[in-house]
Amino acid sequence: VHVLRLEAALEAWHRRHTSASEAALERALGSLERVDPQHPMTEVARSFVQGGKGQVAECIERFTKILARDDLAPDLRAHVLMLRGWNEQLLERTGDAIRDLEAALHLAPANGRVFAILARSLCAASRCDEGLDRARQAVMLSPADVEGYTTLSYVQATLEQWNEAAAAAGRAFALAPSMTNGARYAVCLEAAGRKAEALAVAQKIEGRRNAAAARPP
């Protein structure tokens, strides 16, 4: 129960970094530490937060120490490998990222998020055709995960498959109608020569931004 609460608090903090979400995360961490001071999820959570605050190299070091433990369940080891791979990608350590992500897939072959992150790493290594296969697998495995569609759109855009990229970006925008996802969708439509549709999406984004600005604090 404490682990589930920690995971929920960590996800809430990841979605929106606020003083309230950070306080809730610290409470969840404290509860788990009181019950089991050696539980690996406390260190995983703290490492994740460290990376989220921009301390990427330090975060990778902490994940490496976690992976040296001999009490990690396969799913958790795969999760940590995925997180280390993501952060290695941020530092453009592409070869290390690909190795970690492929190792994570060996342990968790049905994890769509791992496929998505691996797709980006392969694309960064100029292996976009392989990345496209992995991105498609990510979407098939996790059809409700916006990350899979944003990754698929990114890889297709890199390959200049603009209509396909627009379709994937549109699905991501439908799942999570954020300004970022909307802007990506509009850019892909514009690049595909679908200017009227791109303008309609841009106007929708502008309308939502104006509505948000008009709300009382």
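Below: a short report on this structure. Note that the structure is a prediction, hence the values are computed from the model and not measured.

Thresholds applied
Residues numbered from 1 in each chain as written. Predicted model: local features only at pLDDT ≥ 70, side-chain atom pairs only at ≥ 80, totals over all residues. Heavy atoms only, no water. Helix = DSSP H or I, 4+ residues; strand = E, 2+ residues; numbered from the N terminus. Contact = heavy atoms within 4.5 Å. Disulfide = S-S within 2.5 Å. Axes fitted to C-alpha atoms, helices over the stretch in contact; angles between N-to-C directions. Parallel < 35°, antiparallel > 145°, perpendicular 65-115°, else oblique. Left-handed = near helix turned anticlockwise from the far one by under 90°. Nonpolar A, V, L, I, M, F, W, Y, C, P; charged D, E, K, R; others polar.

## So, the side chain of Gln-156
Mapped onto the fold, Gln-156 is located in helix H9 (residues 146–158). Once residues within four sequence positions are removed from consideration, Gln-156 is found in contact with Leu-132, Gln-161, Glu-164, Ala-165 and Ala-168.

## Quick notes on the state of the cysteines
Here, the word disulfide means a covalent bond between the sulfur atoms of two cysteines. Taken as a whole, this structure holds one disulfide when the rule is applied. Between the sulfur atoms of Cys-123 and its disulfide mate Cys-128 the distance is 2.4 Å. Between Cys-123 and Cys-128 the disulfide shows an S-S torsion of about 85 degrees. By sign, it is right-handed.

## Considering the packing of helix H3 (residues 40–52) against helix H4 (residues 56–67)
Running from amino to carboxyl end, H3 crosses H4 at an angle of 165 degrees, the nearest separation of the two axes being 8 Å. On the basis of their axis angle, the class for H3 and H4 is roughly antiparallel. When the axes of H3 and H4 are compared, the crossing they make is left-handed. Here Glu-43, Val-44, Arg-46, Ser-47, Phe-48, Gln-50 and Gly-51 of H3 lie close against H4, whose contacting residues are Val-56, Glu-58, Cys-59, Arg-62, Phe-63 and Ile-66. Its residues placed into classes, the contact of H3 with H4 shows six nonpolar, three polar and four charged.

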